[in-house]
Amino acid sequence: MNPARVDILLRLLRLHVKYIQQICKREVKKNEIVKKMEEYPEEYRTPPVSLVSLVGCGDHQAIISRHLLAEQPPINTLALPDLAKFLLLLAQKDSSKPPLAGGILRRDWLVKHRTRIPSVVAALFSSDQVSGDPTQWLQVCSDLDNLKAVLRPKNIKLVVVVVVQSSSKDDINEERFIALRKRAEVDSKYLLTFCPNDDTELKQSLTRHALYFCFWVTDLFFSVLGSTFAELANTYYREEGRRIKTRIEKKSYSSIDLNIRYCFKVAVFAEFRRDWVEALRFYEDAYHTVREMIGTSTRLPPIQRLVEIKTVAEQLHFKISTLLLHGGKLKEAVIWFRQHNASYRKLVGAPEVVFLHWEWMSRQFLVFAELLETSSASVPSISSLVSGIADRALTEWEFNPSYYYQIAAHYLKEKRSSLELTLSMSETANDIDSTAESVVPSVFVGQFVRLLEQGNAVQPLTDEEYTRYAIAEGKRYQDTFEIIALLKRSCESYGNLKARRMGSYCGFQMAAEYFAVGDFSNAKQRFDDVASQYRQEGWVTLLWEVLGYLRECSRKSGSVRDFIEYSLEMAALPVLSGTDAQGYKECGPVGPPSLSQREIIHKEVFWLVSGEAGGGSAEDSNGIKINGDNPLHLEIDLVSPLRLVLLASVAFHEQIIKPGVSTSITLSLLSQLPLNVEIDQLEVQFNQSKCNFIIRNAQRPPLAATEEQEGHRVESAPSLTLATNKWLRLTYDIESEQSGRLECISVIAKMGPHFTICCRAESPASMDDLPLWKFEERVQTFPTKDPALAFSGQKATHVEEPDALVDLNLGAFGPALAGESFIVPVTVTSRGHDIYSGELKINLVDVRGGGLFSPRETESSAMENHHVELLSVVGPEGEDESELNSDEIKKIQQSFGLVSVPFLKNGDSWSCKLEIKWHRPKPIMLFVSLSYSPHSNESIAQKVHVHKSLQIEGKTAVVISHRFMLPFRREPLLLSQIKPAADSEQLPSLPSNETSLLVISAKNCTEVPLQLLSMSVDNEDGGSERSCSVQHGGEDNLGPALLVPGEEFKKVFTIIPSAGSSRLRLGTLCLRWRRNSGSDDTRTEAWVTTKHNLPEVEVEVSPLVVSLEYPPYAILGDPFMYLVKIQNQTQLLQEVKFSLADVQSLVLSGSHSDTFFVLPKSQHTLNYKVVPLASGSQQLPKVTVTSVRYSAGFQASTAASTVFVFPSKPDFKMADAGEKPTQSIASE
């Protein structure tokens, strides 16, 4: 086969594959959308990236390319291991010659500069080639000459890289490097040496080769290589841009097409250099120049000329918008898009291809919406939008993608309508597809040519041929699903902005598209969402249209219930007779809203449900039918839109009634249907089914279902006709035997043998208005004739319980004491009823509202957690709950009890006792409830309830306190009390090996007398028994002793701590007591033990002890001895200072102040003779003793240094010999 023929066939095959791929990209799947921005070539959607070429040494090109791509900004590489292939790539010419007509922008020019024409070429030579034999050196020189010959005409920059192996890095001499640089004609900094296998000799290489850059460290090499490439690439693109910019400035171009092309190239080269300002300026110049071509260029036929202009303008606009948004200029981008839209919106073109214009407009809005969606620019404030442009201020919607998606869908609808009109008017519509198969895109942007079958040639198209091609391409689109996808994105975007009204409008348009293609399921779902919003907003006209679509969706899908519900709602809408039907452009499938249309729908519905056609079956053309096999039951609740159809109001005339006594109830019905509605039967249902009754229409024959309902009361009404906006009031008597709440639940209206409407009953006092009829001009009436009942009537009443003929008594008295088991007698006495199935419920409730358990405890099951606890229920014979049968005691918990009451005849009584224990003082409320049945048959007898309550105060029985006392007239020196530590605990201190006194007081804080049995100290810690001795003089058993309210009982214990420990735990005080009732009541049989924890004390060895000795009394004028003894209890010599203060009522002899030493374990005595000069209680001279070693002084207390002086010698009468004289044993 001829090679030329083979080449032509291969080209045709490639073009055909490219054409098929383009068609596949334009196919839109159902329920999906292809982003228009992604249809743009990648070179337009992404900023241009510098391109460099690596030639030679293919083993190292991959790692170099990877590092260059990681640069910021990245650098793309064109790696060719063979120099000959690179020379062939740059030397080859574009075989596809443009047609003679020419064009504005070449389609592949930007791709060529991004993928085929590098800005920098890096020639890689190995060190063996450079330093090898003369043949290899000559080959290097030849390759460099060939490179220079190809690169110089194209102004491409050259870099030479020598790859040095670690084993031969010393073989290259400096002269060879100089020769290589001169041969390549490059600067020394563009001659680089790279050693990929050695990282250790950077300094040596820099010293050895000072005339060129040598890099043994790999990372440093890549950094310098990247900066070198970036510098040369910027130089290349700057020079290329300046070269073309010179042509623009000198206007050295023959046509306006070249001016646009030159501006576009300068802008692209500026983008390569990241000079966004210059790129934006020249893109704008090119855009404005394209706009000037309209009406002036005659190079192409009119239709194709306008298509080319719009395509070029679209790409330039896309570039400009991208740069503005990339720079954060959101407001400027929106203003630019508005100007772009205003410039081309009216350029419709020829009538036969007007759909191309609407498709182009839709694409502009869609692409700009996607640009806004992917942009990170912030939306400006509302105040800055006013200064948008001169003629019209910017709106907030223009900064949101939802607005542009919505407009894009609108223009796509226009395109679909125009295309359908074009196809309907075209006489050769069937031949369009076959004639457009050979049309392919031209080498210029926006142009199309015909591919000839013979030879590698193309042929320009006429406008007629291009029109057929455009129509064929338009038919391949599934516009409806793309419109749905656009509206869906707009609806979601509006939803994110909380713009529910705009979202509902887009949702309605989306549902209409689903309806148009027959997808009634999705259409109904969308229409339901929109209808819900329109009901809330009260938009009656819009709701009418949506309900019309929903009605048709239900009809098409065969849903009887939905069809009837939507039809009834439409018929009850507030559409009056004065509505102008001609003012509605789109009214949906039902037609414009009007009173006559409401009546038509009303008749259609009731003709369908009445069963008049077909002998008990009503059926329309789509198979919707209601009969015995397919009955229909509708539910109307308080929020249902069908409240317009039927509204039921129920009012009891009395709020409280006696059981078995009848009361009146008024049932009111209201309907907003345009025609009268005849109801066959009403059924009123209550929460007590025995009160249900049926109201039958006397003018209609009874239904068969009424006769089957046995046990229900049947009433008759003269007429059950509902007129428009007029209450139908029915009043009947009702009585109930069951106590509790009696409430009307619903009213069921039967219209025909197979159609019922169940309407939830509403109270007149709390009934809401009909939202859609609220502001309409209509007569407002009350549901009841009595206005007072209309404002206060309720659909429920309370049936009182029957009077209980049983007495329930709680016999407790007095407060309960913490720790004791408090008994509450409960007596049940029958006064007229027999008691069957009686149950007694006991509840303990905190009076203050808190819980009966302690929140400080973690174990909820422990007994101590509950402040008050129900222990048991004692029967009348004394047995507790453990001895009773399982059916008699149901449940006993800490705060709840359930006890069964045996059968009692009239006049009998039964009693029990509740045992309640207070762990902590807390007032509670005791609730006791008795429920019983007065008859043996529980199924017909109603439970009767009797309630009693009793508040019981819980109090603390005794309050225990304590105090410590030292021996009388004996004062030890305690250093901890004189100089306490700052961070130590403030515990009581006792001297070791000294007798101290512990006084315990127990006070009766109640209103009842108590009996005290014993008071003792339990030493729980066995080790404490060896460290101290706690004793008392009397017996533990107190007798028992009677303690009246407010009285305080005291007992004295002696404590002798030893010196073995520094801290002493005294133990726990146990006090046993009980309530003194003065009788043999069982409440006082048990003794209660109250425990009081005694504190810890510090045991301290006192170094000095001062004792005072003098007679118990003195006689006026008679001298007596006053001794002060200082005892040293340490092993050290103690220096002591003392001072004595004079007293006016006494005369003494002895030293008043002095310093002396007390030997270890010895005693020093100060002797004074004192003569009293006055009678009565006299204060002895106070002695102050100071320890020099401890810098501490102390003196006796006032009580210890007081004596009573008699005026003369008293005459004391002695007691019996067996009676011991009273002695003072302690001092406070």
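Computed from a predicted structure; not experimentally measured. (Residues numbered from 1 in each chain as written. Predicted model: local features only at pLDDT ≥ 70, side-chain atom pairs only at ≥ 80, totals over all residues. Heavy atoms only, no water.)

1. Describing helix α23 (residues 540-557)
Taking 1.5 Å of rise per residue, the 18 residues of α23 would be expected to cover 26 Å, and the 25 Å separating its terminal C-alpha atoms lies within 8% of that figure. The buried fraction of α23 is high, at 14 of 18 residues. Phi turns positive, to about 75°, at Gly-558, one or two residues after α23. (Helix = DSSP H or I, 4+ residues; strand = E, 2+ residues; numbered from the N terminus. Expected span 1.5 Å × (residues − 1). Buried < 20%, exposed > 50% of the residue type's maximum accessible area, 1.4 Å probe, protein only.)

2. Re the pairing of strand β50 (residues 1120-1128)
Among the 9 residues of β50, 7 are classified as buried, and the element is accordingly described as predominantly covered. Summarising the sheet, strand β48 (residues 1104-1109) and β50 pair through 6 bridges and their orientation is antiparallel. Across the sheet, residue Ser-1107 finds its bridge partner in β50, namely Lys-1125. Bridge count between β50 and strand β54 (residues 1163-1172): 8 bridges; the pairing is antiparallel. Following the sheet pairing, Lys-1125 is matched in β54 by Thr-1165. (Pairing = 2+ DSSP bridges.)

3. A look at the confidence of the model for the protein chain
Note: predicted coordinates in regions of low pLDDT should not be interpreted at a detailed level. For the protein chain, per-residue confidence averages 81 on the pLDDT scale, and residues scoring 70 or more make up 81% of the total. Mean pLDDT values for the elements of the protein chain range from 35 in strand β59 (residues 1226-1227) up to 95 in strand β13 (residues 647-652). Confidence over residues 16-34 falls short of pLDDT 50; this stretch has 31 contacts with residues more than four positions distant or in other chains. (pLDDT = per-residue confidence, 0-100. Contact = heavy atoms within 4.5 Å.)

4. Quick word on the pairing of strand β12 (residues 632-636)
Within a regular beta strand, the side chains point alternately toward one face of the sheet and then the other, so they alternate between its two faces. Because side chains alternate across β12, one face comprises the buried residues Leu-632, Leu-634 and Ile-636, and the other comprises His-633 and Glu-635, none of which is buried. Here 5 bridges tie β12 to strand β23 (residues 755-760), and the two strands are oriented parallel to one another. For Glu-635, the partnering residue across the bridge sits in β23 and is Cys-758.

5. Focus on the pattern of salt bridges
Applying the stated criterion across every chain yields a total of 44 salt bridges. Sharing partners across several salt bridges, the network here consists of Asp-145, Lys-148, Arg-152, Arg-183 and Glu-185. (Salt bridge = Lys/Arg side-chain N within 4 Å of Asp/Glu carboxyl O.)

6. A look at the packing of aromatic side chains
Counted by the stated rule, this structure contains 38 aromatic pairs. Judged by centre distance (4.2 Å) and plane angle (5°), the rings of Tyr-237 and Phe-272 are stacked. With a gap of 35 residues between them, Tyr-237 in helix α11 (residues 218-250) and Phe-272 in helix α12 (residues 256-272) connect regions that are remote in the sequence. With respect to class, Tyr-237 is no different from Phe-272; both count as buried. Taken together, Trp-109, Tyr-236, Tyr-237, Phe-264, Phe-269, Phe-272 and Tyr-283 form an aromatic cluster joined through their ring pairs. Between Arg-291 and the ring centre of Tyr-344, over which it is positioned, the NZ or CZ distance is 5.4 Å. The ring of Trp-360 carries Lys-310 above its face, with NZ or CZ at 5.6 Å from the centroid. (Phe/Tyr/Trp six-rings, centres within 6.5 Å; stacked < 30°, edge-to-face > 60°. Lys NZ or Arg CZ within 6 Å of the ring centre and 35° of its normal.)

7. What to know about the sheet that holds strand β57 (residues 1192-1195)
Spatially, 4 strands are ordered β53-β51-β56-β57 in an open sheet, and the strand pairing comes out antiparallel. Both outer strands of the open sheet, β53 (1153-1158) and β57, are each paired with one neighbouring strand and no more. Neighbouring strand axes in the sheet, compared pairwise and without regard to direction, differ in orientation by 25° on average. In this sheet, β57 lies alongside strand β56 (residues 1183-1187) in antiparallel orientation, the contact comprising 4 bridges. Its bridge partner being in β57, Ser-1187 is matched across the sheet by Ala-1192. (Axes fitted to C-alpha atoms, helices over the stretch in contact; angles between N-to-C directions.)

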